[in-house]
Amino acid sequence: MVDELLCGYNCTVFAYGQTGTGKTYTMFGKMTEELGLLSDDAGIIPRTLYTLFDKLKGRDSTVKCSFIELYNEALCDLLSDEGDTKLQLFENERNGANGSLLVKGMRESYVDSPSAGVRLLEMGSRKRQVAATRCNDLSSRSHTIFTINVLTRTSEQSITSGKLNLVDLAGSENIQRSGAENKRAVEAGQINKSLLTLGRVINALVDKSSHVPYRESKLTRLLQDSLGGQTKTCIIATVSPCQSSQEETVSTLDYAFRAKNIHNRPQINTPVPKDTLLSELALEIENLKRNLRATRDRNGVYMTSDTHEEMLKEIESRRIVNEEQKQCIEALESGLQHRTGELLAVTRQLRDLDLDNKEAHLKLRQMNDALNKAHNIWGGSIAEVSDITEKVGARMKDFQAHQTRLLRDFSANLGRFLENEMTAAQRNQTLLYDTLRAVEGAGEDSKTQLLKGETEEAFHQLKQISKTGRATVSEALNELSHAITRISEGLEGELLKCNDQFEMAYGAFDQDVQSTFQTIVKHVEEQNVEISELRHRLQNANSRMIEMNHKTSLDVARLLEEERANAEVERNNFLSQIGAIYDLSSQQRWDRLQENYNIICSDISSSGILMESLTTHSRIDECIARQKQLAKELADSSSYLKVRMWQDKERLGKRHFSARQAAVSAKKDLQQSVDNHKETLHEQLELWARELEKTQSQNKQLSDAYLGHLNTLETTIKQSYSTVKDQLGMVLENSGQFQKDMARHSDAMEQPIEALEKEICEPLSHLRTNIQSYSIPTGASLEQDACDRPGATQSNQEGTSHWEHDNLAKQPRVEIASDDSENPRLKRRRL
Ligand SMILES: Nc1ncnc2c1ncn2[C@@H]1O[C@H](COP(=O)(O)OP(=O)(O)OP(=O)(O)O)[C@@H](O)[C@H]1O
């Protein structure tokens, strides 16, 4: 039946049967809901409501319900708030109504859910006339009709209408058996009468009589269309299983059997065009107004004073409602104006954000300029470092050459001096040899001829020789000692001079390098501070923008939501009056708003993303990181160079010190050796002199023993000579050794000077090459990067917009200055 109803048929279901057989139970049943679900004992009406709304899901429709009862031939509205409102029946004279009935004053309630319908049903049922009889504790004393009117939109311009009457008839009863008395007896009489008429109508319809007595009771008038009309009708016959009710059961079944033979001609209600419906309604209102006016004009005030007062009250209340609605409309208008103002403010904020964005772009450009400046400074610093390292290299080479020359000169002088000394020592040796020969010769002559006198002379000569030899040897040794001291002092002086020169050169170089590094580090630090500041400012601007974006987005969303709610309220308010027209405009308005909202949201979010990406752009971080890395490498290089120079200086100092120590110890050894020889020689000469003296004195007394003594003396002289000779040989040997030691020391001293080439000059040259090959990204390269992106060139020329930066931000790249590409080390770092 529900499907037929939705197709546009009018339908009727009514339950007919003896009292107490379950008509009300069948139609209403248990209406309470449990957890939003119907009870298993629910009747046809609640089930119909649930099924109907289930089928209407997703369809544009309205459902109206009315609930009336026919009690003692009087029609009452069970949904009316005011006590016993008597309803009147009218013939519907509207076109296409086919003489159907119109119940005037009946309340029709809009229902938007099955629960609401069931609530109406319960409310009406409570008002229904019931009473206890012998047959039924809760016997229905009236006929009820629950009507469901459904309007369904089938197309944009037409609406299908359908009506379902759900009728619960009062039960026919045997008054004697039901024990009805007085009022109940009257009720039973009326019920039986109306049911009797219904039976006669059915009989007439089955017999196809020319006259069908519809008008004999209000029940048959109400069901006129359902019986033999254009309605689809279903009759439920309820019977009692009791033996005692056999007669009534047979009667009911006979009734139902005959009713089955009635042939209705169901027709779908003509779909009503929306405009027609609206214009008809407007026309009807106008007619009603006109009738009212005519009635008033003709008869004056056609009402009781109570009704008049009620009407006045109603007019007053309507006036108040009107004023409230007017105020509401004004409030809505002011709200709309307020929203428009807010929308303008949002637009202004967006414009401000755009300006902020442009400002940020300007700052970015400034940062690029600063980077360019840093790049220039860096180039200058590289040139400076190269210059200084070149100078230091040149000075190191000069220093090396000078040192080498000094050492060679010193070695040559020392060799010459030692050669001279050795020649002198050899000469003394020869002299001693000659003297010895002379002594030997003198000894031979004294033996043969002038033994005594010549012996005296010989002694005298020997004394002279001894004195002379002693003086000569002593002089030679003193000279040797002085020469050693001189050489040692000269060597020490040269070493000290050399050391001082090196210290000076090192100090100057160290100062130059330190000041250069400090300048570079200072520049880099300044750049770092500037970049950090710029970045901080950029981040601040971005966070402000994100906040504002977020706030704007929230505001717009809130505005939209409020607008939607207002639109919904307005829609509900006006729907009953202008229906679908407002729907359309509301929908268009909502679509417009939604579209604008989406555009604004997407703009805001893309702007936010752009700023976010600009702030968190890895190139700034990388630039800062590279700056830091550069500063760190510079500091490392500086400290490494410093340490190396200190090490070299220390090593050189140690070499100097060891050379000086070697020279001093050599001098000391030579001095000691010379002193020892001198002492030994002196002692031996002393001894010899004493012996000679003794021999001379004894010679006078012991001339016989003279020769023996002379031989002994000769032997002693020979021994002394050999000792002196040995000592001189040792001196010569020591001098040769000393010469070799000096040559070795000289080589050893040359080694650190040569090592300077490797340890200082080469690192400096590497440093120069590395620094020249370093480069930092320039603003030009960053801008070039921006220009390389598609569509960026034009925008940069015409004034950059944040939308274009969005694209720029989405393609992060690391750009190294062009000459970096040739440096494999930098190339690896970039990767
Ligand atoms: N199918 C059923 N199952 C359980 N109880 C039922 C059933 N049918 C009827 N009853 C019970 O029988 C009693 C009478 O039913 P009901 O009031 O529906 O009869 P009725 O035909 O409407 O009577 P009346 O014409 O006097 O109003 C009620 O208490 C009802 O609960």
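None of the values given here were measured: they were computed from a predicted structure.

Summing up its helical and strand segments, the protein has 17 helices and 14 strands in all. Burial status across the protein gives 39% buried among its 831 residues. For the protein, restricting intrachain contacts to residue pairs at least 6 apart in sequence, the fraction spanning at least 24 positions comes to 76%. Here the protein has roughly 46900 Å² of accessible surface; of this, 52% comes from carbon and sulfur atoms.

Let us now look at the confidence of the model for the protein. Per-residue pLDDT for the protein averages 75, and the proportion of residues at 70 or more is 75%. Segment residues 785–831: pLDDT under 50, and 63 contacts once partners within four positions in sequence are set aside and those in other chains are kept.

Per the UniProt entry, the sites bearing "binding site: ATP" (unreviewed entry) are Gly17, Gln18, Thr19, Gly20, Thr21, Gly22, Lys23 and Thr24 in this numbering. Along the polypeptide, Thr19 turns up in the loop between strand E1 (10–17) and helix H2 (23–27). Classification of Thr19 by relative accessible area gives buried; the value is 8%. With respect to the secondary-structure elements, Gly22 resides in the loop between E1 and H2.

What follows covers the environment of His263. If you trace the backbone, His263 turns up in the loop between helix H8 (246–259) and strand E14 (272–273). The exposure class of His263 is exposed, given its relative accessible area of 60%. The sequence separation of His263 and Gly228 amounts to 35 residues, and the corresponding C-alpha distance is 5.9 Å.

With that out of the way, let us pick up the site of the ligand. Of all residues adjacent to the ligand, which total twelve residues, the nearest are Thr19, Gly20, Thr24, Ser139 and Ser140. Separating an oxygen atom of the ligand from a side-chain N or O atom of Lys23 is a distance of 2.9 Å. Between the ligand and Thr24, the relevant distance is 2.9 Å, taken from an oxygen atom to a side-chain nitrogen or oxygen of the residue. Where the shell around the ligand is concerned, the elements lending two or more residues are H2 and strand E10 (139–140). The class makeup of the residues in the shell around the ligand is one nonpolar, ten polar and one charged.

The next point concerns the nonpolar core. Counting 32 residues, the largest nonpolar core has Leu52, Phe146 and Ile148 as the members making the most contacts within it. The element contributing the most residues to this core is helix H3 (residues 44–55), with five residues. Discounting residues that sit within four places of it in the chain, Leu52 has contacts with Val2, Leu5, Leu6, Val63, Ile148 and Val150. Listed in part, the 29 residues of the second largest apolar core include Tyr16, Val167, Val212 and Tyr255.

Applying the stated criterion across every chain yields a total of 13 salt bridges. Note that Lys232 is salt-bridged to Glu4, the shortest N-O span being 2.5 Å. Of this pair, Lys232 sits in strand E13 (residues 232–238) while Glu4 sits in helix H1 (residues 2–7), and the two are 228 residues apart along the sequence. On the basis of relative accessible area, Lys232 is assigned to the partly exposed category, the value being 23%. A residue is classified by how much of its surface remains accessible, and Glu4, at 25% relative accessible area, is partly exposed. Bridged by salt links that share partners, the residues Glu316, Arg319 and Glu323 form one connected network.

Within a regular strand, the side chains alternate between the two sheet faces. Of all eleven residues that make up strand E4 (residues 61–71), nine are buried, and the element is covered over most of its length. Bridging between E4 and strand E11 (residues 143–153) involves ten bridges; their strand directions are antiparallel. Its bridge partner lying in E11, Lys64 is registered against Asn149. Taken together, the three bridges between E4 and strand E8 (residues 109–111) define a ladder with antiparallel strand orientation.

Parameters at a glance
Residues numbered from 1 in each chain as written. Predicted model: local features only at pLDDT ≥ 70, side-chain atom pairs only at ≥ 80, totals over all residues. Heavy atoms only, no water. Helix = DSSP H or I, 4+ residues; strand = E, 2+ residues; numbered from the N terminus. Buried < 20%, exposed > 50% of the residue type's maximum accessible area, 1.4 Å probe, protein only. Contact = heavy atoms within 4.5 Å. Areas by Shrake-Rupley, 256 points an atom, 1.4 Å probe, with all protein chains shown as cover. pLDDT = per-residue confidence, 0-100. UniProt positions renumbered as here; feature names shortened; annotations may be inferred. Near = heavy atom within 4 Å. Polar contact = N/O pair within 3.5 Å; in protein donor to acceptor, adjacent residues only side chain to side chain. Nonpolar A, V, L, I, M, F, W, Y, C, P; charged D, E, K, R; others polar. Core = buried A, V, L, I, M, F, W, Y, C linked by side-chain atoms within 4.5 Å. Salt bridge = Lys/Arg side-chain N within 4 Å of Asp/Glu carboxyl O. Pairing = 2+ DSSP bridges.

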